[in-house]
Amino acid sequence: ARFLATELRTRSLNPHWIAAMQEEGYAGTLALLKQANNFWGWQVTAPETVRAEMRIFLDILERHYGKRPIIYTTVDFYRDTGIGQIGDHEFWLRSVAGHPSEVYPGQRWTFWQYTGTGIMPGVTGDTDINAFGGSRIDWPAWLAARAQPG
């Protein structure tokens, strides 16, 4: 676990790497998401270690971007790591087999990815489709609270 923590901190949590990802815009966001999704060795690491390192990762991202990250998680990662115990973040839950209330009982969520094989006009191939956890009235307020200044 100590090796994984050192590896994570020296590569993925390096402020220069994060700055480079930020300069890449959307592609950089996807790289950061991929990094968290494929959190090295989480399947064989103690869940409390994964959560501790994830907190460090989230804190560094928040300091760098000035915004609190949303935690995107799959059912397996959620179950195996107990990532839902990080209670001070919003969650983006992936569940293509059922509603989050069934798959993630009791977990609050902001977004729900309900398919990875959606069809969208103007998009070639399969695409993820997501739902917002609030109402149409909540949506503008949610966006405004996270808008970049200026």
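Our structure's up above, just so we're on the same page.
Per chain, the residues get numbers from 1 upward, laid out in the order the sequence is written. Predicted model: local features are reported for residues with pLDDT of at least 70 only, side-chain atom pairs are reported and counted for 80 or more only, and whole-chain, interface and lining totals are derived from all residues. Calculation of side-chain values draws on the structure's entire complement of heavy atoms; hydrogens and water are dropped beforehand.

Caption draft 1: Up close: the overall build of the protein. Broken down by element type, the protein carries seven helices and four strands. Numbering of helices and strands runs from the N terminus, with a helix taken as a DSSP run of H or I at least four residues long and a strand as a DSSP run of E at least two residues long. Along the protein, from the amino end to the carboxyl end, the secondary structure elements read α-α-α-α-β-α-β-α-β-β-α. Buried, partly exposed and exposed residues are distinguished by accessible area as a fraction of the type maximum, computed with a 1.4 Å probe on protein chains only: under 20%, between the cut-offs, and over 50%, respectively. Considering the protein as a whole, with its 150 residues, one finds that 32% of them fall into the buried category. Note on definitions: a residue-residue contact is assigned when non-hydrogen atoms from the two residues lie within 4.5 Å. Contacts spanning at least 24 positions in sequence make up 37% of the contacts within the protein whose residues lie at least 6 apart.

Caption draft 2: Geometry of the side chain of T127. Here T127 lies in strand β4 (residues 127-132). A relative accessible area of 19% means that T127 is categorised as buried.

Caption draft 3: Expanded view of the pattern of salt bridges. Throughout this description, the term salt bridge denotes a Lys or Arg side-chain nitrogen within 4 Å of a carboxyl oxygen of Asp or Glu. Applying the stated criterion across every chain, the model contains five salt bridges. Among the ionic pairs, D76 bridges to R79, the shortest N-O distance being 3.3 Å. Residue D76 and its partner R79 are located together in helix α5 (residues 75-81), separated by three residues, close to a single helical turn. The exposure class of D76 is partly exposed, given its relative accessible area of 39%.

Caption draft 4: Summary view of the sheet that holds β4. Pairing between two strands is assigned when DSSP locates at least 2 bridges connecting them. If you trace the four strands from one edge of the open sheet to the other, you get β1-β2-β3-β4, paired in mixed fashion. Edge strands, defined here as strands with exactly one partner in the open sheet, are β1 (71-73) and β4. Ignoring strand direction, the axes of neighbouring strands in this sheet form an average angle of 25°. For helices, the fitted axis covers only the stretch in contact; all axes are lines through C-alpha atoms, and the angles between them, taken along N-to-C directions, range from 0 to 180 degrees.

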